[in-house]
Amino acid sequence: MIMPYAIEFPIAGGDQPPPPNLYRTLYANLMRWMGAAYPGLGDVIHDRPVRKPFTLSALEKGRDGDWRWRVTLLEDDLWEPLWTGVQAVGVLDLNGRTWPVRWPDAQVIHHSYDLLLTATRPADYIEMKFTSPTTFSAGNLDSPLPEPVAVFKSMSEKSYGLAAWGRPRRLSITRVMAAYTIASLVSVSTS
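Please read these numbers as outputs of a predicted model, since none were measured by experiment.

### Here's the deal with the overall build of the chain
Helix and strand counts for the chain come out as six helices and nine strands. Within the chain, the fraction of its 191 residues that count as buried is 30%. Within the chain, residue pairs in contact and separated by at least 24 positions form 69% of the contacts whose partners lie at least 6 positions apart. Here the chain has roughly 12800 Å² of accessible surface; of this, 58% comes from carbon and sulfur atoms.

### Some remarks on the pairing of strand β4 (residues 67-73)
A regular strand carries its side chains on alternate faces of the sheet. Extensive coverage of β4 is indicated by the burial of six of its seven residues. Note that strand β1 (residues 5-11) and β4 share seven bridges and pair antiparallel. Note that in β4 the partner of Glu-8 across the bridge is Arg-70. Here three bridges tie strand β2 (residues 54-56) to β4, and the two strands are oriented antiparallel to one another.

### Quick word on the side chain of Arg-68
Relative to the helices and strands, Arg-68 resides in strand β4. What Arg-68 contacts, discounting residues up to four positions off in sequence, is Glu-8, Phe-9, Pro-10, Ile-11, Ala-58, Leu-59, Glu-60 and Gly-62.

### Observations concerning the environment of Gly-42
Following the sequence through the fold, Gly-42 ends up in helix α2 (residues 41-46). For the pair Gly-42 and Met-31, spaced 11 residues apart in sequence, the C-alpha to C-alpha distance is 4.2 Å. Sequence-distant contacts of Gly-42, that is, excluding residues within four places in its chain, are made with Met-31, Met-34 and Gly-35.

### Brief notes about the packing of aromatic side chains
A full pass over the atoms with the stated rule returns nine aromatic pairs. Aromatic pair Phe-9 and Trp-83: ring centres 6.5 Å apart, planes at 25°, arrangement stacked. With a gap of 74 residues between them, Phe-9 in strand β1 and Trp-83 in helix α3 (residues 79-89) connect regions that are remote in the sequence. Note on Phe-9: relative accessible area 0%, which makes it buried. Where Trp-79 meets Trp-83, the ring centres are 5.0 Å apart and the plane angle is 20°; that geometry is what we call stacked. Separated by four residues within a single helix, Trp-79 and Trp-83 lie in helix α3, roughly one turn from each other. Among the aromatic side chains, those forming a connected cluster through ring pairs are Tyr-5, Phe-9, Trp-33, Trp-69, Trp-79, Trp-83 and Trp-103.

### So, α3
Within the sequence span of α3, burial applies to Trp-79, Pro-81, Leu-82, Gly-85 and Val-86. One side of α3 holds all its buried residues, which, seen down the axis, span an arc of 165°. Buried residues belonging to α3 abut β1, α1 (23-37), α2, β4 and β7 (107-110). In the stretch just after α3, Gly-90 is the one whose phi turns positive, near 75°.

### Looking at the pattern of salt bridges
Scanning the model with the defined rule gives four salt bridges in all. A salt bridge links Arg-48 to Glu-75; the nearest nitrogen and oxygen atoms lie 3.0 Å apart. You can see Arg-48 sitting in the loop between α2 and β2 and its partner Glu-75 sitting in the loop between β4 and α3, a full 27 residues away along the chain. Taking relative accessible area as the criterion, Arg-48 reaches 29% and is therefore assigned partly exposed. Because the salt bridges share partners, they merge into one network encompassing Asp-66, Arg-102 and Asp-105.

### Regarding the packing of α1 against α3
Running from amino to carboxyl end, α1 crosses α3 at an angle of 95°, the nearest separation of the two axes being 7 Å. In terms of axis orientation, α1 runs roughly perpendicular to α3. Facing Leu-30, Arg-32, Trp-33, Met-34, Ala-36 and Ala-37 of α1, the residues of α3 in contact are Pro-81, Leu-82, Thr-84, Gly-85, Val-86, Ala-88 and Val-89. Of the residues that constitute the contact of α1 with α3, the class distribution is 10 nonpolar, two polar and one charged.

Scoring rules and cut-offs
- Here the residue numbering is sequential within each chain, running from 1 through the sequence in written order.
- Only residues with pLDDT of 70 or above have their local features reported here, since the model is predicted, and side-chain atom pairs are shown and tallied only from 80 upward, although totals for entire chains, interfaces and linings are computed over all residues.
- Calculated side-chain values reflect all of the structure's heavy atoms, with hydrogen atoms and water omitted.
- Only DSSP runs of H or I with at least four residues qualify as helices, and only runs of E with at least two residues qualify as strands; both kinds are numbered from the N terminus onward.
- Here the term buried applies to any residue with accessible area under 20% of the maximum for its type, exposed to any over 50%, and partly exposed to those in between, with areas from a 1.4 Å probe on protein chains only.
- In what follows, a contact means two residues having at least one pair of non-hydrogen atoms within 4.5 Å.
- In short, Shrake-Rupley with a 1.4 Å probe defines the accessible areas, and a residue's cover is counted only from the protein chains shown.
- Here a strand pair is declared whenever DSSP counts at least two bridges between the two strands.
- Classification of ring pairs rests on two measures: the distance between centres of Phe, Tyr or Trp rings, Trp counted by its six-membered ring, which must be within 6.5 Å, and the angle between planes, read as stacked under 30 degrees, edge-to-face over 60 and tilted in between.
- Within this analysis, the arc is defined by the directions that extend from the helix axis to the C-beta atoms.
- Any Lys or Arg side-chain nitrogen found within 4 Å of a carboxyl oxygen on Asp or Glu counts as a salt bridge.
- Axis angles are defined between N-to-C directions and span 0 to 180 degrees, where every axis is a line fitted to C-alpha atoms and, for a helix, only to the segment in contact.
- Roughly parallel refers to an angle under 35 degrees, roughly antiparallel to one over 145, roughly perpendicular to one between 65 and 115, and oblique to any angle outside these ranges.
- Amino acids are sorted into nonpolar (Ala, Val, Leu, Ile, Met, Phe, Trp, Tyr, Cys and Pro), charged (Asp, Glu, Lys and Arg) and polar (every other residue, Gly among them).

Here you go:
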């Protein structure tokens, strides 16, 4: 049975805030931890063509003043390499600054998907908050959220609704905008 792990690592960063735009750096640290446990595992995970078996949060400041990093593993067999790797490396390298990871104090949650589904009540309203720019991968393409064409269409419809002359019969600007923003589907790679 596959059971996801959610691990929140306390990071002893001191008084200085972390540098901005750390997703690739945090990703590289996770691959480094996996590779420390099993040489080459980080490369194998990185080279997967579509879906990565984990999610990563940004660094967030906790109530206790320490920084925290949440990693969710979507495959059980990655738990042991992650836990072994974080113990072996013991730090995050954040663009040249080393921050100790207090791994013995990590909060680990491990539940089955069945339990997660049955313990959840249906919701009338769902709010999603992204703390960093977000992209979703499909094959070799990454699509940003919010999707630029959808944002433009929504904003133009609302502005025409408020305009005294109303909405024009043909909204050709939307097609022109779509032609130029389709480039928002890009290939993102790490180096």
